[in-house]
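Structural overview
Listed here are the chains, written in short residue letters.
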Amino acid sequence: MLTPQGLKGKQYRITGNSYPRLGRPPKKSRKVMALIGSLLALALIALGGVQLYDIFTGKGKNASAQACASPSGKPLAAPTPTPDASPGAPGAPAGDPHAIPQPAGFKLNVFNATTKSGLAGRTADEFTKRGFTVDKKGNAPAELDKKVPGTAVVIAGPAGAGAATLISSQIAGATVTTDARTDNSVDVVVGDSYNTLLDETQAAAALALATKPSPTPSTTGSC
């Protein structure tokens, strides 16, 4: 004796090749499934409609602007590009003391702070061959004599900042200091480690590195 599912608890005897026909699932469960499917479809349609409405009315953009607003509720202003302050930068304004001058555009003084005789004269000759205008050459002043342990010290005033960058690029390891002079003249004081100027290719590479513009902040992207 078997009681197949869907035969409402009735028991039947299976004999031969005849089997009781199973009934169809109750209509109630089919209605519930259809109702759930309809609700899901309506929910998806409503969600898509809201998104399209935001796109066409610009509400999505307003939300982004609010996300980038300051605590006062006002949108944050985009960063204002500023001229590059790097010495000799292409964007430097005319008259900028950081702009790199021509070799003959300023006076150069060469001093020897070592015990090596004639070093200032030989160094001055090397600068002259490269087009620089050498004004003075000789022994270093007492405050620097035998007190430059590195290759060289380059000294200039605020108006000679670009010229000092140009001179320092000619000597490996040269350091730059500033004094109170008002013209654009430059002093170079060679020290114990100095031997000769960099070759012109190396000097050009050193100058390019020294005047390389610094990265500017990106004005795009998220706040």
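Located above this text is the structure these notes cover.
The text that follows walks through the structure, step by step, so that each part is easy to find.

With that out of the way, let us pick up the overall build of the protein chain. Looking only at helices and strands, the protein chain features five helices and five strands. The linear arrangement of helices and strands in the protein chain, starting from the amino end, is α-α-β-α-β-β-α-β-β-α. Counting every position in the protein chain, which comprises 223 residues, the buried fraction comes to 26%. Contacts in the protein chain between residues at least 24 apart in sequence constitute 66% of all its contacts with a sequence separation of at least 6. For the protein chain, the exposed area adds up to about 15300 Å²; of that, 60% sits on carbon and sulfur atoms.

The pairing of strands in a sheet happens through backbone hydrogen bonds and is either parallel or antiparallel. Ordered in space as β2-β1-β5-β3-β4, the five strands form an open sheet in which the pairing is mixed. Two strands close off the open sheet at either side, each with one partner strand: β2 (133-139) and β4 (175-178). Ignoring which end each strand starts from, the neighbouring axes of this sheet average 20° apart. With six bridges connecting them, strand β1 (residues 107-112) and β2 associate as parallel partners.

By secondary structure assignment, the location of T123 is in helix α3 (residues 119-129). Beyond its immediate sequence surroundings of up to four residues, T123 is in contact with V110, V190 and Y194.

Together, L35, L39, L42 and I45 make up a nonpolar patch on the protein surface, roughly 440 Å² of accessible area in all. Position of L42 relative to the elements: it lies in helix α1 (residues 27-57). Judged by relative accessible area, L42 falls into the exposed class, the value being 54%.

Another aspect to go through is the packing of aromatic side chains. The final tally for this structure, using the stated rule, is two aromatic pairs. With centroids separated by 6.1 Å and ring planes inclined at 70°, the aromatic side chains of F106 and F132 adopt a geometry described as edge-to-face. Taken together, the positions of F106 in the loop between α2 (59-67) and β1 and F132 in the loop between α3 and β2 put the pair 26 residues apart, joining distant regions of the chain. Residue class for F106 comes out buried when judged on its relative accessible area of 4%. Taking the relative accessible area as the measure of exposure, F132 reaches 6% and is therefore buried. Here the aromatic rings of F127 and F132 are separated by 5.4 Å at their centres, their planes lie at 90°, and the arrangement is edge-to-face. Both residues of the pair, F127 and F132, count as buried. What links up through ring pairs into an aromatic cluster is the set F106, F127 and F132.

Definitions and limits used
The numbering scheme is per chain: residues are counted from 1 as the chain's sequence reads. Predicted model: local features are reported for residues with pLDDT of at least 70 only, side-chain atom pairs are reported and counted for 80 or more only, and whole-chain, interface and lining totals are derived from all residues. Note that the side-chain values use all heavy atoms of the structure and ignore hydrogens as well as water. Numbering of helices and strands runs from the N terminus, with a helix taken as a DSSP run of H or I at least four residues long and a strand as a DSSP run of E at least two residues long. Working definition: with a 1.4 Å probe on protein chains only, accessible area under 20% of the residue-type maximum means buried, over 50% means exposed, and in between means partly exposed. We call two residues in contact whenever any of their non-hydrogen atoms come within 4.5 Å of each other. Each accessible area is a Shrake-Rupley result for a 1.4 Å probe, and residues are judged covered by the shown protein chains and nothing else. Each pair of strands is called paired provided DSSP finds at least two bridges between the two strands. Structural elements are reduced to axes, namely lines fitted to C-alpha atoms, with helices fitted over the stretch in contact, and the angle between N-to-C directions of any two is expressed from 0 to 180 degrees. Within the patch definition used here, like charges are joined within 9 Å and nonpolar side chains (Val, Leu, Ile, Met, Phe, Trp, Tyr) within 5 Å, considering only residues with over 30% relative accessible area and no salt bridge. Throughout this description, the term salt bridge denotes a Lys or Arg side-chain nitrogen within 4 Å of a carboxyl oxygen of Asp or Glu. For this analysis, a ring pair means two rings from Phe, Tyr or Trp (six-membered ring only for Trp) whose centres lie within 6.5 Å, classed as stacked if their planes differ by under 30 degrees, edge-to-face if by over 60, and tilted for the remaining angles.

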